[in-house]
Amino acid sequence: SRASSAVLARDNYPLYIRSSPTENELKFHYMVHTSLDVVDEKISAMGKALVDQRELYLGLLYPTEDHKIKYGYVTNSKVKFVMVVDSSNTALRDNEIRSMFRKLHSSYTDVMCNPFYNPGDRIQSRRAFDSMVTSMMVQVC
Amino acid sequence: WKTKQEMADEALFLLLHNEMVSGVYKSAEQGEVENGRCITKLENMGFRVGQGLIERFTKDTARFKDELDIMKFICKDFWTTVFKKQIDNLRTNHQSIFNLSTAKFLHLRKFDQWKVYVFCSFQYLAFTCGLIRGGLSNLGIKSIVTAEVSSMPACKFQVMIQKL
């Protein structure tokens, strides 16, 4: 499985980063970091021409040099999800990426509603979150 | 008219909320909560709940256009899901103040309409003030929310948006 996911707080620090086993983790951190500018641009006033301002899904973030495709999604609470998949995975279509983001969003909402979770903390939930991401990454093989 | 589900939801919320207020004040008597901090504690509880609720309620909505859009959402969708009806009236000075008024607020419905009880009513409004503040906070709006009661069970929530 070659997909990596990250969840970033409103202030752009990571709440959750999970890179696939074959991925260079540091490289993924860097990719997520550089994606943030693109995400901010897309949801800002400047991005009006680039993406439907009402949609949460941002689609492809920027062209890639090293066979990695980055996708973005921003919730109404300005939490960002970034997913990086291998470009060799041509079977993956927009719909599938969208549904993966929906799953991430749904699980994040569950985490937010957990009274034992303190907003802004790193997401450490194994059952609600981590296992969902694992099963999602397995599907992207 | 309300459905059975709505009536059940309302009753549960009302009873739980009343016990919560009572519980917080009891712990104050037993020295667990600093005296005078009860209202703050209730407001903070509302804040955390508001954060979670807004995350859930905005999961499938489109992106908000502006602050007014968000306030309308709070008055309609948010208020309806929590209190089973919309806010009766939303007013704004088009700068940073919004007034949300409702003629029959859920938590004030059982109060007798004696003026003397207005003073106690704030204990029953703190949680809801926090609810609004928490919901707005998670949408990126920092605010101060206060409540005003002139004649029960009507009340008015005032949202003062803090521009950084």
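Residues numbered from 1 in each chain as written. Chains lettered and ligands numbered in written order. Predicted model: local features only at pLDDT ≥ 70, side-chain atom pairs only at ≥ 80, totals over all residues. Heavy atoms only, no water.

Within an unreviewed UniProt entry, the label attached to chain B reads Trafficking protein particle complex subunit 6B, and the organism entered is Mustela putorius furo. Note on chain B: under the UniProt heading Sequence similarities (unreviewed entry), the record states "Belongs to the TRAPP small subunits family. BET3 subfamily." Per UniProt, chain B has the following entry under Subunit (unreviewed entry): "Homodimer. Part of a TRAPP complex. Heterodimer with TRAPPC3. The heterodimer TRAPPC6B-TRAPPC3 interacts with TRAPPC1 likely providing a core for TRAPP complex formation." (UniProt positions renumbered as here; feature names shortened; annotations may be inferred.)

In the annotation of an unreviewed UniProt entry, chain A is listed under the name Trafficking protein particle complex subunit 2-like protein and assigned to Mustela putorius furo. What UniProt states about chain A under its Sequence similarities (unreviewed entry) heading is, verbatim, "Belongs to the TRAPP small subunits family. Sedlin subfamily."

J.: Let's hear about the overall build of chain A: which residues, and what values?
T.: On a plain count of helices and strands, chain A comes out with 3 helices and 5 strands. Overall, chain A shows an N-to-C arrangement of helices and strands of β-β-α-β-β-β-α-α. The 141 residues of chain A split such that 48% are buried. Counting only contacts in chain A whose residues sit at least 6 apart along the sequence, the fraction spanning at least 24 positions is 52%. (Helix = DSSP H or I, 4+ residues; strand = E, 2+ residues; numbered from the N terminus. Buried < 20%, exposed > 50% of the residue type's maximum accessible area, 1.4 Å probe, protein only. Contact = heavy atoms within 4.5 Å.)

J.: Could you give an account of the packing of aromatic side chains, naming the residues involved and the relevant values?
T.: Residue and element names in this part refer to chain B. Under the defined criterion, the tally for this structure stands at 15 aromatic pairs over all chains. Centroid distance Trp79 to Phe105: 6.3 Å. Interplanar angle 35 degrees. Geometry classified as tilted. Linking Trp79 in helix H3 (residues 67-83) with Phe105 in the loop between strand S2 (97-102) and helix H4 (118-121), this pair joins segments that are 26 residues apart in sequence. Classification of Trp79 as buried rests on a relative accessible area of 2%. Relative to Phe157, the ring of Phe105 has its centre 5.3 Å away and its plane inclined at 70 degrees; by these criteria the two rings are edge-to-face. Taken together, the positions of Phe105 in the loop between S2 and H4 and Phe157 in strand S4 (residues 155-161) put the pair 52 residues apart, joining distant regions of the chain. (Phe/Tyr/Trp six-rings, centres within 6.5 Å; stacked < 30°, edge-to-face > 60°.)

J.: So what about H3(B)? Which residues, and what values?
T.: All names here are of chain B. Along H3, the sharpest change in direction is near 35 degrees and occurs at Ile74. Listed in full, the buried residues belonging to H3 are Asp69, Ile70, Met71, Phe73, Ile74, Cys75, Phe78, Trp79, Val82 and Phe83. Its buried side turned inward, H3 meets helix H1 (4-29), helix H2 (38-57), strand S1 (89-92), S2, helix H5 (126-138) and S4. Its side-chain oxygen 3.3 Å from the backbone nitrogen of Leu68, Asp66 forms the N-cap of H3. In the segment just after H3, Lys84 is the residue with positive phi, at about 65 degrees. (Bend = angle between axes of the 7 residues up to and from the residue. Polar contact = N/O pair within 3.5 Å; in protein donor to acceptor, adjacent residues only side chain to side chain.)

J.: Tell me about the interface of chain B and chain A, residues and numbers included.
T.: It is common to give the size of an interface as the accessible area that goes away when the parts come together. Contact with chain B, which involves 18 residues of that partner, is made by 23 residues of chain A. Taking both sides of the interface into account, the surface hidden between chain B and chain A amounts to around 1800 Å²; carbon and sulfur atoms contribute 41%. A per-residue breakdown of the area chain B buries against chain A is headed by B:Glu55, B:Lys59 and B:Arg63, which together make up 46% of the total. Where chain B meets chain A, there are 2 salt bridges. Of the charged contacts in the structure, one is a salt bridge between B:Arg56 and A:Asp110, with a shortest N-O distance of 3.1 Å. (Buried area = accessible area lost by both parts, 1.4 Å probe. Salt bridge = Lys/Arg side-chain N within 4 Å of Asp/Glu carboxyl O.)

J.: Go over H2(B), please, and point to the residues and values.
T.: Here H2(B) spans 28 Å end to end across 20 residues, near enough to the 28 Å set by a 1.5 Å rise per residue. Residues B:Cys38, B:Leu42, B:Glu43, B:Gly46, B:Phe47, B:Arg48, B:Gly50, B:Gln51, B:Gly52, B:Ile54 and B:Glu55 constitute the buried set of H2(B). Against helix H2 (94-113) of chain A together with H1, H3 and H5 of chain B lie the buried residues of H2(B). (Expected span 1.5 Å × (residues − 1).)

J.: Quick rundown of the nonpolar core? Include the residues and the values.
T.: The biggest cluster of nonpolar side chains holds 45 residues, and the ones touching the most others in it are B:Leu100, B:Phe157 and B:Val159. Among the secondary structure elements, those contributing two or more residues to this core are H1, H2, H3, S2, H5, strand S3 (143-148) and S4 of chain B. In terms of residue count, the dominant contributor to this core is H3(B) (9 residues). With residues up to four places along the chain from it excluded, the contact list for B:Val159 reads B:Met71, B:Ser96, B:Ile97, B:Phe98, B:Leu100, B:Ile132, B:Leu136, B:Ser143, B:Ile144 and B:Val145. Among the nonpolar cores identified, the runner-up in size contains 30 residues, and A:Val7, A:Tyr57, A:Tyr117 and A:Met136 belong to it. (Core = buried A, V, L, I, M, F, W, Y, C linked by side-chain atoms within 4.5 Å.)

J.: Quick rundown of the side chain of B:Arg48? Include the residues and the values.
T.: Residue placement: B:Arg48 occurs in helix H2. Put simply, B:Arg48 is tucked away with no salt bridge, and the nearest opposite charge, on B:Glu55, sits 8.0 Å away. In this structure the side chain of B:Arg48 is engaged in a polar contact, spanning 3.2 Å, whose partner is the backbone oxygen of A:Asn114. When neighbours within four sequence positions are excluded, B:Arg48 is seen to be in contact with A:Val111, A:Met112, A:Asn114, A:Tyr117 and A:Pro119. (Lys, Arg positive; Asp, Glu negative; His and termini not counted.)

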